Amino acid sequence: MLKIDHLKKNYNSFSLDCSLEVSPGCVTGLIGQNGAGKSTTFKAILGLISIDEGCITLLGKNLEDFNANDKERLGVVLSDSGFSGYLKIKDIIPILKSMYPKFDKSFFIDQLHRLQLPLDKQIKNFSTGMKAKLKVLVAVSHKGKLLILDEPTAGLDVIARDEILEMLREFMEEDEERSILISSHISGDLETLCDDLYMIHKGKIILHEDTDVLLSDYALLKVDDEQFKDLDKQFILRFKKETYGYSCLTNQRQYYLDNYPKAAIEKGSIDNVITMMIRGKNNEGTAC
């Protein structure tokens, strides 16, 4: 569905070197700090910026061969994009019909009522949540095959986030060949939605894992100095000095449960992985 092979983009103070793949029928998450390269990657995929090296294959075609008809099969939400605030939703419906031959007006109208989005109110008077819901609704309303969503739930309350996630789940359930690439700062959204996760840091992918594996096999060990000294570190991905001793990230939770019953072992989470992979040191003692 989407394959990026050593995409490189160089700026004065930042360099991107990214490889990732989104398989048919899968929701793939891209996680990382602000400035890690998520938005740059999304813009490169969409051809909004030039790239220095690498190859992007989108819906089976090289990006440079992608045409207007191909773009109709994409649904896109970018964090810094939106509709003119002076428009009303009733004004954008004919625009969407002309842009997307497969735009489903009846579905769109039904979802407006469900999401409590008014047809006759200027978008500039919408709340942050209403604007976000409208952007995602537009992205899913023309029967696309791939959604590319950059921070679609940023800044929203829990109810608005849940409504957006429900739209995305329904989008996937309608067609088993559809896929989503999504970035988000909210780990709970990704844990319940994504099949796999890529973590990007300083322009490079530093981790790729199935979400189920991350939540079941990863763990955070909390040990004192003496326990850390005697710890078998072959399955320790990162460690960090703490006031009580050390915290250690592993992808072999069961091994340490079986062999270190006195160690405090917390089940893994996306937040733990992000923190440890960025702030922790590897077994050579170097920070990421």
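Preceding this paragraph is the structure being described.
Residues numbered from 1 in each chain as written. Predicted model: local features only at pLDDT ≥ 70, side-chain atom pairs only at ≥ 80, totals over all residues. Heavy atoms only, no water.

J.: I tried to follow unusual backbone geometry on my own but got confused; where do I start?
T.: Working note: non-glycine residues mostly have negative phi, and peptide bonds are mostly trans. Within the chain, Q116 stands out as a residue other than glycine whose phi angle is a positive 60°. Structurally, Q116 can be placed in the loop between α4 (105-115) and α5 (128-140). (Helix = DSSP H or I, 4+ residues; strand = E, 2+ residues; numbered from the N terminus.)

J.: Sorry, what's going on with the pattern of salt bridges here?
T.: Side-chain pairing between opposite charges can occur once the charged atoms of the two side chains come close. Using the criterion set out here, one finds 14 salt bridges in the structure. Taking the shortest distance from any N to any O, the salt bridge between K133 and E163 comes out at 2.9 Å. Here K133, found in helix α5, pairs with E163, found in helix α6 (residues 158-174); they are 30 residues apart in sequence, far enough to count as distant. For K133, a relative accessible area of 8% corresponds to the buried category. Its salt-bridge partner being K240, residue E242 comes within 2.8 Å of it at the nearest N-O pair. For E242, a relative accessible area of 22% puts it in the partly exposed group. Overall, K240 belongs to the buried group, its relative accessible area being 15%. (Salt bridge = Lys/Arg side-chain N within 4 Å of Asp/Glu carboxyl O. Buried < 20%, exposed > 50% of the residue type's maximum accessible area, 1.4 Å probe, protein only.)

J.: Help me understand the side chain of T211, please; the structure alone is not making it clear to me.
T.: The residue T211 is located in helix α8 (residues 211-217) in this model. A distance of 2.9 Å separates the side chain of T211 from the backbone oxygen of C194, its partner in a polar contact. (Polar contact = N/O pair within 3.5 Å; in protein donor to acceptor, adjacent residues only side chain to side chain.)

J.: Would you mind going over the environment of S187 with me for this structure?
T.: Among the structural elements, S187 can be located in helix α7 (residues 187-193). Judged by its relative accessible area of 13%, S187 falls in the buried class. Sequence separation between S187 and G29 is 158 residues; the distance between their C-alpha atoms is 9.9 Å. Those residues in contact with S187 that sit more than four places away from it in its chain are I270 and D271. (Contact = heavy atoms within 4.5 Å.)

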